[in-house]
Every structure is written in C-alpha cells, then in structure tokens.
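# Remarks on the overall topology
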Amino acid sequence: MAERAARLHEEAAQAVAGSAHLPERQEALESSLRPEGMRATEENAEKEKAAARPGGGRAAGAAGAARGPRWAPGMPALLLPPMFASHMRPQQGAATRLWGLCAPGLGPVGVQYEGEEVAAAEVDAVSGRWEARLPPREATLQPAVIRVYAGNAT
C-alpha cells in the first residue's frame with residue numbers, strides 16, 4: 001500500500017513538473033492532426049525544429065508558415081484535433097481557442113454556438129491552418145452544440 005502511494009505521489013510530481021512544458025504539449029496535440037501516413041519522421045522533425053529556430057535558414061516571415069501540420073490533398077476538407085469532440089467542456093468565463101486545418105481556398109472557417117454565429121477565422125493559404133476563439137460563456141448544465149464549418153464542409 002505504501003509502495004502504491006509513493007508511486008502515485010511520484011506520478012503526480014512528474015505531472016506538475018511537466019506542466020511547465022505547455023508549448024511541447026500543444027505541439028503534440030497539433031501533431032495529432034496529421035494522418036498516420038503523414039507524420040514526420042524523426043529526421044524530418046529535427047530539420048523542422050532546426051529551421052524554426054531564429055536564423056534557422058528561412059527568410060523572415062516564412063518561419064510561421066512552414067512549421068507544424070499542413071493540410072494536404074486527400075485529407076478531409078475541414079479537420080479538427082480529436083480533443084474537440086462530444087462531451088468537451090470549455091472553461092466558464094474564459095475564451096476557448098479552437099484550431100484545425102482546412103483546405104485552402106474553401107473560404108473562411110465559421111463557428112456557431114447553439115446556432116448563433118460567434119467566431120470566424122481566415123485560412124492560411126499555404127498551410128491550411130486556422131484559429132478562432134469562442135467568447136467567454138457562463139457555466140450551464142445544458143448540453144450545447146458547437147458547429148465548425150467552411151464552405152459546405154462541417
């Protein structure tokens with residue numbers, strides 16, 4: 001019993017220490033957008049990391065466009081990370097960030113909350129990435145529907 005408690009205490013300490021690495025966690029979530037066949041190899045991941053560093057060999061202004069997941073032909077027209085699914089619970093009183101990939105040229109991405117248009121985002125022409133924020137909401141026990149769409153894709 002004491003051994004189990006010590007193991008749980010150690011896991012909790014590791015989880016708290018790991019919370020200081022939020023950019024890495026966000027990067028891991030964004031990488032979950034890539035279909036299995038498109039995941040970068042370790043070698044390509046190292047090249048991406050080196051190129052993303054200041055002075056990594058890319059022209060200024062191109063640094064953000066080439067980093068992270070990209071939309072590619074054959075992917076769904078609109079793609080969200082798996083964390084945006086049924087039973088998601090946005091934090092009350094805080095804006096909720098939504099992001100994903102969309103086929104470039106499909107048009108802006110719109111977000112509806114219970115049928116009301118609450119946010120819109122432009123799609124990056126190169127990577128297909130987009131980001132929108134839901135306005136802060138009060139807590140409720142009633143389920144709500146958040147619809148993300150672009151053109152005729154939902």
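Not measured: the values here are computed from a predicted model. (Residues numbered from 1 in each chain as written. Predicted model: local features only at pLDDT ≥ 70, side-chain atom pairs only at ≥ 80, totals over all residues. Heavy atoms only, no water.)

## Digging into the environment of R147
Structurally, R147 can be placed in strand β6 (residues 146-149). For R147, a relative accessible area of 34% translates into the label partly exposed. Expressed as a C-alpha distance, the spacing of R147 and E114, which sit 33 residues apart in the sequence, is 8.0 Å. When sequence neighbours within four positions are dropped, the list of residues in contact with R147 reads G110, V111, Q112 and T154. (Helix = DSSP H or I, 4+ residues; strand = E, 2+ residues; numbered from the N terminus. Buried < 20%, exposed > 50% of the residue type's maximum accessible area, 1.4 Å probe, protein only. Contact = heavy atoms within 4.5 Å.)

## Describing the sheet that holds strand β4 (residues 116-121)
Pairing in this open sheet of three strands is antiparallel, and the strands run β4-β3-β6 from one edge to the other. Each edge of the open sheet carries a strand with a single partner, namely β4 and β6. Put simply, the sheet's adjacent strands are angled 20° from each other on average, direction ignored. In the sheet, strand β3 (residues 109-113) pairs with β4 via five bridges, with the strands oriented antiparallel. The residue bridging V109 from the neighbouring strand is A121, located in β4. (Pairing = 2+ DSSP bridges. Axes fitted to C-alpha atoms, helices over the stretch in contact; angles between N-to-C directions.)

## Focus: the confidence of the model for the chain
Residues at a pLDDT of 70 or more form 58% of the chain, whose mean pLDDT is 75. Scored below 50 in pLDDT, residues 36-40 makes eight contacts in the model with residues more than four places away or belonging to other chains. Counting contacts from residues 56-65, a segment whose pLDDT is below 50, to residues more than four positions away or on other chains yields 11 contacts. (pLDDT = per-residue confidence, 0-100.)

## So, the sheet that holds strand β2 (residues 96-102)
One open sheet holds the three strands; their spatial order is β1-β2-β5, and the pairing between them is antiparallel. Whereas interior strands pair on both sides, the edge strands pair on one side only; in this sheet they are β1 (78-79) and β5 (129-134). With six bridges connecting them, β2 and β5 associate as antiparallel partners. Its bridge partner lying in β5, L101 is registered against R129.

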